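Chain by chain, the residues run as shown.
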Amino acid sequence: MNKLAPELIAELKEKKEPEKGLPPLELNGPLVMRFAPNPNGPPTLGSARGIVVNSEYTKKYKGKLIIRFDDTDPATKRPMLEAYTWYLEDCEWLGAKPEEVVIASDRIDKYYEVAEQLIKKGGAYVCFCGQEVFKSLKDAKKACPHRDEKPQKNIESWKKMIEGNYKEQEAVLRIKTDIAHKDPAIRDWVAFRIIKTPHPRQEVNDKYCVWPLLDFEGAVEDHLLGTTLIIRGKDLIDSEKRQRYVYKYMGWTYPETMHWGRVQIHEFGKLSTSGIKKAIAEGQYTGWDDPRLPTIRAIKRRGILPEALRKFMLDLGLGETDISLSLDTLYAENRKIIDPIANRYFFVWDPVELEVEDAEPKIAKAPLHPTRGGLREIPAGTKVLITKNDADSLKEGERLRLKDLYNIEVISILPLRVKFIGTDMDLVKKEKARIIHWVPLDALKVKVLSADGEFNGFGERGMEKELDKVVQFERFGFVRIDSVSGDEVVAYFTHK
RNA sequence: GGUCCCAUCGUCUAGAGGCCUAGGACAUGGCCCUCUCAAGGCUAAAGCACGGGUUCGAAUCCCGUUGGGACCGCCA
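The following refers to the structure shown. (Residues numbered from 1 in each chain as written. Chains lettered and ligands numbered in written order. Predicted model: local features only at pLDDT ≥ 70, side-chain atom pairs only at ≥ 80, totals over all residues. Heavy atoms only, no water.)

**Quick notes on the environment of T321**
Going by this rule: Helix and strand assignments come from DSSP, with helices taken as H or I runs of at least 4 residues and strands as E runs of at least 2, each series counted from the N terminus. Contact criterion: two residues are considered in contact whenever any of their non-hydrogen atoms come within 4.5 Å of each other.
Relative to the helices and strands, T321 is located in the loop between α11 (306-315) and β11 (323-325). Note: C-alpha distance between T321 and D392 (71 residues apart in sequence) is 48 Å. Not counting chain neighbours up to four residues away, the residues in contact with T321 comprise G261 and R262.

Shown next as structure tokens:
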């Protein structure tokens, strides 16, 4: 059979690799998508899903990708100025190239125009009810007294509102839906509220005191930008129902929508942007790129490659099921890319000095990579450093090998004494002696930062040339060389 | 309480009535390879939430139960 139809066998094997990733799209026109974050903190792993999924589709179907900053809340989820840049940087890092960048806070006037039209059409009204009052009316399916006000009167109130004649909480603009709608989430929702806190962007500052809420801003923008497909988290499913009222009043066509379920990551649990912000201010984290954080900046600094993160996100597909995943899969993806290229070095954490009796100074020749070739030379004196873990586990009389150097035998444990017993590999091959790593006395001082804390020790020379690269510390794990100053190296732990 | 959504190995996911004896990836166990406790190769164990229908035939369609989630904010 192999002889008769080798191509059939090849085909069978190919079929074994099923297609994973995003479902195909059925398009009947051009594709325009947007990724719309609130820049109130740096992009996180959650943002990465949005960036990757949207950019993947626009790449695949030659569509247009827009990044839109939904920064219309200067108070509660106050935007962070640096975050605008961070989003653009991280998009680029992830291989997403938005053709257009839109900042909502620059376009408030456009939203006001639509609001005015809606009021004139009788689709929106200024409501002076307090929050609690309106809630109880709404829950009872009852209209508030302002609901039936004439458009003319509403326009007057609206003008007064945007001119700053009311206090915060005093008035809002509501979209008229169906006050008896069976879903309470849909009933006459708020489109604009008064916020007197200035916007952090200098260009905007205190120019406006009436700000749209996401449902309104997003609804108008998606129309203005010509969005044809929206993909977002399913927490925004109800949002669509609310926004459709605006589209109906205005005679617009609502984009197609798709949603993904809630994502939780085992390793991070429930960290909110505001919670992290507070913890950073209190010094619990070193910054937004602290290796313990789920931000893209942190992931990047740890040496996860964008290709790995992209594949990880795409493999999740687009289910509406809530998922709870482990970063192990991301690490495995990353390892597949990194293992073939990362050079190997010795790193001894919790170092213990070991004098090897009868040894001659020697230059060890170790492969830079197990298969790719290339050698590194490590000059060893008669004293070396090994990790405390290894030192503690030695037994009297044990024979073992210092990797790529020579064999030793333990003479005694207290005090720890070892002696040179040759260089023959048979010790490993026949006696199955174990192999431990080591580092010469004049090694570089190395600190490794990981999510589980710091590791301090010494690493062999050569790694200082790998700045910003991911290398493997043998018997330790992959690590990204983050900084080198003099004889000191700081590395970020990537994964095992 | 109201509205809506979801349900396949431990974890993600493929599957859109017969190709399913349910496939893959990660994690786990074993063996091989290896001067790293890595990677690689082979292999093992592991799943259609439950109960009813519809059908010649259901993981796939319908109903119910159970379980999970989202929304009901002048947050996004």
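**Brief notes about the environment of E398**
Put simply, the rule is: With a 1.4 Å probe rolled over the protein chains alone, any residue whose accessible area is under 20% of its type maximum counts as buried; one over 50% counts as exposed, and the rest are partly exposed. Contacts described as polar in this section are N or O atom pairs within 3.5 Å, which, within protein, must combine one atom able to donate a hydrogen with one able to accept it, while residues neighboring in sequence count only if both atoms come from side chains.
Relative to the assigned elements, E398 resides in the loop between α13 (388-393) and β18 (399-402). We classify E398 as buried; its relative accessible area is 17%. Between the C-alpha atoms of E398 and L368, which are 30 residues apart in sequence, the distance is 28 Å. Contact partners of E398, with chain neighbours within four places excluded, come to S393, I408, E409, V410 and R434. A distance of 2.7 Å separates polar atoms of two side chains, one belonging to E398 and the other to R434.

**A word on the side chain of D70**
Topologically, D70 is positioned in the loop between β2 (64-69) and α3 (81-93). Overall, D70 belongs to the buried group, its relative accessible area being 9%. When neighbours within four sequence positions are excluded, D70 is seen to be in contact with A36, P37, N38, P39, A104, L214 and E217.

**Remarks on the protein's contact with RNA strand B**
Definition in use: Near is defined per residue: the residue qualifies when any heavy atom it owns lies within 4 Å of the molecule or strand. Any residue that is not Ala, Val, Leu, Ile, Met, Phe, Trp, Tyr, Cys, Pro, Asp, Glu, Lys or Arg is counted as polar, Gly included; the first ten are nonpolar and the last four charged.
Every one of the 54 residues lining RNA strand B counts as a neighbour, but K77, K138, R401, K403 and R475 are closest to it. Backbone atoms, meaning sugar and phosphate, make up 70% of the atoms of RNA strand B lying within 4 Å of the protein. Contacts to RNA strand B include R344, whose side-chain N or O atom sits 2.7 Å from a base oxygen. A distance of 2.8 Å separates a base oxygen of RNA strand B from a polar atom in the backbone of D404. Of all the secondary structure elements, the ones that give two or more residues to the surface near RNA strand B are α5 (131-139), β6 (190-194), α8 (237-250), β11 and α12 (328-338). If one sorts the elements of the surface near RNA strand B by residue count, α12 sits on top with 5 residues. The residue inventory of the surface near RNA strand B, partitioned by class, reads 16 nonpolar, 8 polar and 30 charged.

**What about the sheet that holds β6?**
Where strands meet in a sheet, backbone hydrogen bonds hold them as pairs that are either parallel or antiparallel. We count it as follows: Pairing between strands is defined by DSSP: at least two bridges between the two strands are required. The angle between two axes is taken between their N-to-C directions and runs from 0 to 180 degrees, where each axis is a line fitted to C-alpha atoms and a helix contributes only its stretch in contact.
Read from one edge to the other, the open sheet built from 4 strands follows the order β4-β5-β6-β7, with strand pairing classed as antiparallel. Among the strands making up the open sheet, the edge pair consists of β4 (124-127) and β7 (210-212). On average, each strand axis in the sheet is tilted by 20° relative to the strand beside it, whichever way the strands run. Across 3 bridges, the pairing between strand β5 (residues 172-175) and β6 is antiparallel.

**What about the packing of aromatic side chains?**
This is how the line gets drawn: Stacked, edge-to-face and tilted labels apply to pairs of Phe, Tyr and Trp rings (six-membered ring for Trp) whose centres lie within 6.5 Å, assigned for plane angles under 30 degrees, over 60, and everything in between, in that order.
All told, the structure shown has 22 aromatic pairs when counted by the stated rule. Each ring, one from F69 and one from Y87, has its centre 6.0 Å from the other, and the planes form 75°; the classification is edge-to-face. Within this pair, whereas F69 is found in strand β2, its partner Y87 is found in helix α3, the two being separated by 18 residues in sequence. Arranged with centres 5.1 Å apart and planes meeting at 85°, the rings of F455 and F476 form a pair that is edge-to-face. Taken together, the residues span a long stretch of sequence, with F455 in strand β24 (residues 453-459) and F476 in the loop between β25 (470-473) and β26 (477-485) at a distance of 21 residues.

Without other data, these values stay purely geometric and don't point to any function.
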